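Observations on the three-dimensional arrangement
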Amino acid sequence: MAEHTHARRLRNLVVDGGLQWRYVLWVTGMTVVVAVALGLLIVQQSTFASEQIITALQDEATSWLDAQARAAVIAQLGQTDLRLVATMTAVGFGLTAVVAVALLWMSHRMAGPLYRIGYELEQLRQGRLSAPGDLRRGDQFRHLFDAWRATHDALCERARADIAVMTEAIDATQRVGTHSPSLHAALEELRQLVEDKRASL
């Protein structure tokens, strides 16, 4: 049950897979490149320092150290270098995971509003002026969504004005009265158009 809930939450987080995964993979990839470059630089400096110390231990000036002590120091340096590599690798994987999750969440806050606007535009293409509602707290592109909502309100007002004008024209024509078949057909088309506009609001 918990796994099902987790999978559902992940699906909800990915609104536009193409956009979000490209964004996440691109930025995460750049983060990995930078992290690997810095990690290699740190490991290289540590290895260089260890080599310098080992070289110094092999010099005659340190002949006062017995072979066992020298071997212990060299072994300790080797273990330190290995621990550094392991630590840098773990930090790199952890950083990559944190960055990927953060980017996925951030991309969700961008893809969500874009998906919402795209859906509303599809509704408009189909002749429906459904109420756009509002964005969630933290969503991006709020200025774009506000502009779309203002456009939606203007289209609704224009549709209402058109309905009022067409209704008045139908009523005026009926008051005058006519037996023209063509005019009667035009009035029927006009009535249907009025009904379609009302249904779209």
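Residues numbered from 1 in each chain as written. Predicted model: local features only at pLDDT ≥ 70, side-chain atom pairs only at ≥ 80, totals over all residues. Heavy atoms only, no water.

With that out of the way, let us pick up the overall build of the chain. In terms of helices and strands, the chain carries five helices and zero strands. Shown N-terminal to C-terminal, the secondary structure of the chain runs as helices and strands in the order α-α-α-α-α. Taken across its 201 residues, the chain has 20% of its residues classed as buried. (Helix = DSSP H or I, 4+ residues; strand = E, 2+ residues; numbered from the N terminus. Buried < 20%, exposed > 50% of the residue type's maximum accessible area, 1.4 Å probe, protein only.)

Let us now look at the layout of surface pockets. A volume near 340 Å³ is recorded for the largest pocket. Forming the walls of the largest pocket are 17 residues, and the residues nearest its centre are Ala35, Val36, Met88, Thr89 and Gly92. For the lining of the largest pocket, the secondary-structure elements that each account for two or more residues are helix H2 (17-57) and helix H3 (67-125). Take the lining of the largest pocket: its biggest share by element is nine residues, from H2. Looking at side-chain class alone, the lining of the largest pocket contains 13 nonpolar, four polar and no charged residues. Roughly 160 Å³ of internal volume is contained in the second largest pocket. (1 Å grid on protein atoms, 1.4 Å probe; cavity = no way out; pocket = protein on both sides within 12 Å on 5 of 7 lines; lining within 4 Å. Points joined across faces, edges and corners; volume = space filled by probe spheres on them. Nonpolar A, V, L, I, M, F, W, Y, C, P; charged D, E, K, R; others polar.)

Of the residues in the chain, 88% reach a pLDDT of 70 or more, and the chain-wide mean stands at 81. Mean pLDDT per element in the chain: helix H1 (residues 2-13) is the minimum at 56, and H2 is the maximum at 87. (pLDDT = per-residue confidence, 0-100.)

On to the environment of alanine 71. Among the structural elements, alanine 71 can be located in helix H3. A relative accessible area of 45% places alanine 71 in the partly exposed class. C-alpha of alanine 71 to C-alpha of leucine 57: the two residues are 14 residues apart in sequence and 9.5 Å apart in space.

A few words now on H3. Between the first and last C-alpha of H3 there are 85 Å, a value that for 59 residues agrees with the 87 Å anticipated at 1.5 Å per step. Glycine 127 occupies a position one or two residues after H3 and carries a positive phi of about 90°. (Expected span 1.5 Å × (residues − 1).)

Under the 1.5 Å per step criterion, the end-to-end length of H2 is 58 Å for 41 residues, consistent within 8% with the ideal 60 Å. Turning to H2, its buried residues are Gln20, Val24, Thr28, Thr31, Gly39, Ser46, Ser50 and Leu57.

A cluster of nonpolar side chains, namely Leu19, Leu114 and Leu144, defines an oily patch on the protein surface of about 220 Å² accessible area. As for its placement among the helices and strands, leucine 144 is situated in helix H4 (residues 142-176). (Patch = residues over 30% accessible without salt bridge, like charges linked within 9 Å, V, L, I, M, F, W, Y side chains within 5 Å. Areas by Shrake-Rupley, 256 points an atom, 1.4 Å probe, with all protein chains shown as cover. Salt bridge = Lys/Arg side-chain N within 4 Å of Asp/Glu carboxyl O.)

Counting residues in each nonpolar core, the largest one holds five residues, listed as Ile163, Met166, Ile170, Leu187 and Val194. Among the secondary structure elements, those contributing two or more residues to this core are H4 and helix H5 (181-200). The contact partners of valine 194, leaving out residues within four places of it in the chain, are Ile163, Met166, Thr167 and Ile170. (Core = buried A, V, L, I, M, F, W, Y, C linked by side-chain atoms within 4.5 Å. Contact = heavy atoms within 4.5 Å.)

Quick look at the side chain of arginine 109 now. The residue arginine 109 is located in helix H3 in this model. Here the side chain of arginine 109 touches aspartate 139 through a polar contact of 3.1 Å, side chain to side chain. (Polar contact = N/O pair within 3.5 Å; in protein donor to acceptor, adjacent residues only side chain to side chain.)

The subject of this paragraph is the packing of H2 against H3. Packing of H2 against H3 brings their axes to within 9 Å, and their N-to-C directions diverge by 165°. By the angle class used here, H2 and H3 are roughly antiparallel. As H2 packs across H3, the resulting crossing turns out to be right-handed. (Axes fitted to C-alpha atoms, helices over the stretch in contact; angles between N-to-C directions. Parallel < 35°, antiparallel > 145°, perpendicular 65-115°, else oblique. Left-handed = near helix turned anticlockwise from the far one by under 90°.)

Turning next to unusual backbone geometry. With a phi close to 60°, phenylalanine 141 is a non-glycine residue in the positive phi region. By secondary structure assignment, the location of phenylalanine 141 is in the loop between H3 and H4.

So, on to the pattern of salt bridges. A side chain of one charge can pair with a side chain of the opposite charge when the charged atoms of the two come close. As enumerated under the stated definition, the model contains five salt bridges in all. The salt bridge partner of aspartate 139 is arginine 109, with a shortest N-O separation of 3.1 Å. With a gap of 30 residues between them, aspartate 139 in the loop between H3 and H4 and arginine 109 in helix H3 connect regions that are remote in the sequence. Residues arginine 149 and aspartate 146 are paired through a salt bridge, measuring 3.0 Å at the closest nitrogen-oxygen approach. Taken as a pair, arginine 149 and aspartate 146 lie in helix H4 at a separation of three residues, close to a single helical turn. The exposure class assigned to arginine 149 is partly exposed, which follows from its relative accessible area of 25%.

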